[in-house]
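Commentary on secondary and tertiary structure
The chain contents come next:
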Amino acid sequence: MLSRTSAWPTWPVAAGSLALGFAVAQATGVRPLGGVVLATGCGWCALRWRERVGAGRAAGLVGLYLAAFAGSHVLAHSIGAWPSVAVVGAVVAAGSYAVADAAPARRVVNA
């Protein structure tokens, strides 16, 4: 049985935690504090992803999240910090939605 929080879509949390993590780091000047936001958001999503689509796909989505975070730093040199965060947030949102949120028939029960 899925818990009440398991029914929530993950894509807004995944994308939002990237943006919020950057905002916290930029506003406070404390990068590790932004990292706490990122880790919390990704961790919450990883638990939901594993419940919905199994450990393998969840690991893939965590990999996408981490690659997007790293890639945002590279992309920021070309298009700026906030546009970069918006682009990678959209990519993570789309991936999360496509793999874990839009396909309830693929959900794994008791995995």
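Up top is the structure these notes are about.
Before going into details, it helps to say that this report is about the structure given with it. (Residues numbered from 1 in each chain as written. Predicted model: local features only at pLDDT ≥ 70, side-chain atom pairs only at ≥ 80, totals over all residues. Heavy atoms only, no water.)

**As for the pattern of salt bridges**
Note the following rule: Here a salt bridge means any side-chain nitrogen of Lys or Arg lying within 4 Å of a carboxyl oxygen belonging to Asp or Glu. Going along the chain from the N terminus, every DSSP run of H or I of four or more residues is numbered as a helix, and every run of E of two or more is numbered as a strand. For each residue, the accessible area found with a 1.4 Å probe, counting protein chains only, is set against the maximum for its type, and the residue is called buried under 20%, exposed over 50%, and partly exposed in between.
Applying the stated criterion across every chain yields a total of two salt bridges. Across the pair R48 and E51 runs a salt bridge, and its minimum N-O distance is 3.7 Å. Here R48 and its partner E51 are both found in helix α2 (residues 31-79), three residues apart, which amounts to about one turn of the helix. When its relative accessible area of 9% is taken as the criterion, R48 is described as buried.

**Considering the packing of helix α1 (residues 11-28) against α2**
To keep it simple, the criterion reads: Angles shown run from 0 to 180 degrees and are taken between the N-to-C directions of axes, each axis being a line fitted to C-alpha atoms and, for helices, limited to the stretch in contact. For this classification, under 35 degrees means roughly parallel, over 145 means roughly antiparallel, 65 to 115 means roughly perpendicular, and everything else is oblique. The hand of a helix crossing depends on one turn: near helix anticlockwise from the far one by less than a right angle means left-handed, and clockwise means right-handed. The criterion used for residue contact is that any of the two residues' heavy atoms lie within 4.5 Å.
Two elements in contact, α1 and α2, have axes separated by 6 Å at closest approach and are oriented at 165 degrees. Regarding the angle of α1 to α2, the classification is roughly antiparallel. Considering the relative orientation of α1 and α2, their crossing is left-handed. Contacts from V13, A14, S17, L18, L20, G21, V24, A25 and T28 of α1 reach α2 at R31, L33, G34, V37, L38, G41, C42, W44, C45, W49, Y65 and F69.

**Description of the packing of aromatic side chains**
Basically, it comes down to this: Between 30 and 60 degrees the pair is tilted, below 30 it is stacked and above 60 it is edge-to-face, where a pair is any two Phe, Tyr or Trp rings, Trp via its six-membered ring, whose centres lie within 6.5 Å.
Evaluation of the coordinates by the stated rule reveals two aromatic pairs. Both rings, one in W8 and one in W44, keep their centres 6.3 Å apart while their planes meet at 35 degrees; by these two values the pair is tilted. With W8 in the segment before α1 and W44 in helix α2, this residue pair connects regions lying 36 residues apart in the sequence. Classification of W8 as partly exposed rests on a relative accessible area of 49%. Between the aromatic rings of F22 and W82, the centroid separation amounts to 4.7 Å while the plane-to-plane angle is 75 degrees, which identifies the pairing as edge-to-face. Taken together, the residues span a long stretch of sequence, with F22 in helix α1 and W82 in helix α3 (residues 81-101) at a distance of 60 residues. Residue F22 is classed as partly exposed on the basis of its relative accessible area of 23%.

**Observations regarding α1**
Cut-off, in case you're wondering: A helix is expected to span 1.5 Å for every residue after the first.
The first and last C-alpha atoms of α1 sit 26 Å apart over 18 residues, in line with the 26 Å expected at 1.5 Å per residue. What α1 keeps buried is the set A14, A15, S17, L18, G21, V24 and A25. Buried residues along α1 sit in contact with α2 and α3. Backbone geometry just downstream of α1 places G29 in the positive-phi region, at approximately 75 degrees.

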